[in-house]
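# Results of the structural survey
This is what each chain is made of:
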Amino acid sequence: MRRNKITIVGAGNVGATCAHWAAAKELGDIVLIDVVEGVPQGKALDLMEAAPVEGYDSVILGTNDYADTADSDVVIITAGIARKPGMSRDDLLSTNAGIVRSVTEQIVKYSPNAYILVVSNPVDVSAYIAYKTSGFTPNRVFGLSGVLDSARFRTFIARELDVSFEDVTTFVLGGHGDDMVPLVKYTYVGGIPVEKLIPADRLAAMVERTRKGGAEIVNYLKTGSAYYAPSASVVQMAECILKDKKRILPVSAYLLGEYGESDVFAGVPAIIGGNGVEKIIEVDLNEEEAAALKKSINSVRNNIAKLNF
Ligand SMILES: NC(=O)c1ccc[n+]([C@@H]2O[C@H](COP(=O)([O-])OP(=O)(O)OC[C@H]3O[C@@H](n4cnc5c(N)ncnc54)[C@H](O)[C@@H]3O)[C@@H](O)[C@H]2O)c1
Ligand SMILES: O=C(O)C[C@H](O)C(=O)O
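Residues numbered from 1 in each chain as written. Chains lettered and ligands numbered in written order. Predicted model: local features only at pLDDT ≥ 70, side-chain atom pairs only at ≥ 80, totals over all residues.

### Regarding the overall build of the protein chain
To be explicit about the condition: Secondary structure counts use DSSP, requiring at least four H or I residues in a row for a helix and at least two E residues in a row for a strand, with both numbered from the N terminus. We compute the radius of gyration from the C-alpha atoms alone; for a globule the expected value is 2.2 Å times N to the 0.38, where N is the number of residues. Around each residue's C-beta, the other C-beta atoms within 10 Å are counted; 20 or more make the residue buried, 12 or fewer make it exposed, and counts in between make it partly exposed. All C-beta atoms are placed from the backbone. Here contacts are defined at the residue level, using C-beta atoms placed from the backbone and a cut-off of 7 Å between them.
What the protein chain contains, in helices and strands, is 10 helices and 14 strands. On C-alpha atoms alone, the protein chain measures out to a radius of gyration of 19 Å, which is about the 19 Å that the 2.2 N^0.38 rule sets for 309 residues. The buried share of the protein chain, taken over its 309 residues, is 47%. Within the protein chain, contacts between residues separated by at least 24 positions form 68% of all contacts whose residues are at least 6 apart in sequence.

Right under this line is the structure:
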């Protein structure tokens, strides 16, 4: 029997931590690849040497050679630079666009049947680049945004109410930027609408904190951005594909008319299973929410317009 094979491109903070979560969940064998020689090899070996202690059976290979990634089932792209205090995610575009494009070319060459999960920022634009470069169908290329953003919102709500994190469900629409759209009206705590439990002004403050959640961590770390919650989030997306879980998760997906938008990536709720993005779910939005979504998607479009596609 063949094990699942997961390639993680970029062996930095997010990539290495993805390998950690994926191994701990025994999602399959893992290849960690980076342009820097020695780093993926060292981190992969270190992580594999934790296997006897932790009791997982994932073989973890570090490499600089794409031939080792051949026939991957899922590829997670984390390659590129991260922002520092004072920068926006969009400031990363000029560097990361070329990296995502060249990485995608290599992935497609060696793993023509893979699902590609994009993390590198600005993620909605990076996912667009990976999608166009790969030539894959849209269900097979999508990006990390809403799982992370909604995990932040869930965390703030759970701490406010001192309840289990697991009991809070919500989702976030739009691009993974400061104008993302957390949806209070679709937020529940143990099945109870959150608006019945938390006053409107407190919720508004939590929505704002969620929008700036990435920057909050960057301002603490100073040298880079968040990686524990991001890597846990994208590994959950990989798990949904590999186990055909059909969970409804907010992901950055290619829109073909949904929410009135086309030829753009943006965060939307979708069924994620063995066929990747199996169905995008459209929810009712009031005028204010629809306008906020349009604004957020327009900033993704402005960045896409800077690319040569
Ligand atoms: N979408 C999200 O929600 C989300 C969340 C967290 C981080 N990110 C983004 O993920 C990216 C990685 O963040 P990080 O904290 O791991 O950064 P990092 O600097 O720790 O790691 C990036 C790694 O990419 C490698 N790399 C650079 N060019 C490469 C190439 N051509 N091929 C292979 N590897 C290459 C670097 O050598 C480095 O090891 C950043 O762009 C960051 O903004 C996105
Ligand atoms: O904020 C960043 O630059 C990284 C990531 O997109 C995040 O939301 O943590």
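### Quick look at the nonpolar core
Within soluble globular proteins, side chains that are nonpolar generally end up buried alongside one another. The criterion, for reference: Remark: nonpolar core denotes a set of buried Ala, Val, Leu, Ile, Met, Phe, Trp, Tyr and Cys residues whose joining runs through C-beta atoms within 7 Å.
Ala19, Ile76, Ile77, Ile116, Leu117 and Ala238 are the most contacted members of the largest nonpolar core, which has 87 residues in total. The residues touching isoleucine 77, leaving out its near neighbours within four places in the chain, are Val9, Gly10, Val100, Val103, Ile116, Val118, Val119, Ser120 and Ala130.

### Here we look at the UniProt feature "domain: Lactate/malate dehydrogenase C-terminal" (unreviewed entry) in the protein chain
Put simply, the rule reads: UniProt positions are given in the numbering used here, feature names are shortened, and annotations may be inferred rather than shown by experiment.
The UniProt entry lists residues 148-306 under the feature "domain: Lactate/malate dehydrogenase C-terminal" (unreviewed entry), expressed in the numbering used here. End-to-end, the C-alpha atoms of residues 148-306 are 26 Å apart, and along that stretch the chain is 43% helix and 23% strand.

### A closer look at the site of ligand 2
Stated precisely, the cut-off is as follows: Each residue gets a C-beta atom placed from its backbone. If that atom is within 6 Å of a molecule or strand, the residue is near it. The start and end points of each domain follow an automatic or database-based domain assignment.
Taken together, 13 residues lie near ligand 2, and Arg83, Arg89, Gly214, Ser225 and Ala226 sit nearest. Take the shell around ligand 2: its biggest share by element is 4 residues, from helix H8 (residues 213-221). Among the domains, domain 1 (5-143) and domain 2 (146-306) are the pair contributing at least three residues each to the shell around ligand 2.

### Some remarks on the UniProt feature "binding site: NAD(+)" (unreviewed entry) in the protein chain
The UniProt record annotates "binding site: NAD(+)" (unreviewed entry) at Gly10, Ala11, Gly12, Asn13, Val14, Gly15, Asp34, Asn96, Val119, Ser120 and Asn121. As for its placement among the helices and strands, glycine 10 is situated in the loop between strand E1 (5-9) and helix H1 (13-24). Under the C-beta neighbour-count criterion, glycine 10 is labelled buried, with 26 such atoms within 10 Å. Setting aside anything within four residues of it in sequence, one finds glycine 10 in contact with Gly15, Asp34, Ile77, Thr78, Ala79 and Gly80. Structurally, asparagine 96 is set in helix H4 (residues 93-110). Since 24 C-beta atoms lie within 10 Å of it, asparagine 96 is described here as buried. With sequence-adjacent residues up to four places away left out, asparagine 96 is seen in contact with Gly80, Ile81, Ser120, Asn121 and Ser126.

### Re the sheet that holds strand E10 (residues 188-189)
Filter applied, for reference: A pair of strands is considered paired only if DSSP assigns at least 2 bridges between the two.
Strand order in the open sheet formed by 3 strands is E7-E10-E11, and the pairing between neighbours is antiparallel. Across the chains shown, the open sheet's two edge strands, defined by having one partner strand only, are strand E7 (168-169) and strand E11 (192-193). Sheet topology note: the E7/E10 ladder contains 2 bridges and is antiparallel. Of the residues in E10, the one forming a bridge with valine 168 is valine 189.

### Re the domain arrangement of the protein chain
Test applied: Charged means Asp, Glu, Lys or Arg here, nonpolar means Ala, Val, Leu, Ile, Met, Phe, Trp, Tyr, Cys or Pro, and polar covers whatever is left, Gly included.
If you check the domain split of the protein chain, you get domain 1 (5-143) and domain 2 (146-306). Between the C-alpha centres of domain 1 and domain 2 there is a distance of 21 Å. Tallying the contact residues gives 35 residues for domain 1 and 36 residues for domain 2. Secondary-structure elements contributing two or more residues to the side of domain 1 that touches domain 2 are H1, strand E4 (74-77), strand E5 (115-118), helix H5 (123-134) and strand E6 (141-143). Per-class residue counts for the side of domain 1 that touches domain 2 are 22 nonpolar, 5 polar and 8 charged.

### Looking at H4
So the rule is basically this: Every helix has an expected span of 1.5 Å times one less than the residues it contains.
Along its 18 residues, H4 runs 26 Å from first to last C-alpha, staying within 8% of the 26 Å computed at 1.5 Å per residue. Those residues of H4 hidden inside the fold are in contact with E1, E4, E5, H5 and helix H10 (287-304).

### Some details on the confidence of the model for the protein chain
The predicted coordinates should not be examined in detail at positions where pLDDT is low. The test is simple: Looking at any residue, its pLDDT shows the predictor's confidence there, from 0 to 100.
Summarising the model, the protein chain shows a mean pLDDT of 97, and 100% of its residues fall at 70 or more. We note a pTM of 0.98 for the whole complex and an ipTM of 0.99 for its interfaces.

### A look at the pairing of strand E12 (residues 247-256)
In this structure, E12 lies alongside strand E13 (residues 262-273), joined through 10 bridges in antiparallel fashion. From the neighbouring strand, isoleucine 248 faces E13, where its bridge partner is isoleucine 271. Hairpin connection, E12 to E13: the antiparallel pair is bridged by 5 residues, and glycine 257 has positive phi, about 105°.

### Regarding the site of ligand 1
Residues in contact with ligand 1 amount to 34 residues; listed here are only the nearest, Gly10, Gly12, Val14, Asn121 and Pro230. Of all the secondary structure elements, the ones that give two or more residues to the shell around ligand 1 are H1 and H4. The element that contributes the greatest number of residues to the shell around ligand 1 is H4, accounting for 4 residues. Taken together, the residues of the shell around ligand 1 sort by class into 18 nonpolar, 14 polar and 2 charged. When residues of the shell around ligand 1 are sorted by domain, at least three fall in each of domain 1 (5-143) and domain 2 (146-306).

### Comments concerning the environment of aspartate 179
Along the chain, aspartate 179 falls in the loop between strand E8 (172-173) and strand E9 (181-182). Exposure remark for aspartate 179: the 15 C-beta atoms within 10 Å place this residue in the partly exposed category. Once residues within four sequence positions are removed from consideration, aspartate 179 is found in contact with Gly174, Ala292, Lys295, Ser296 and Ser299.

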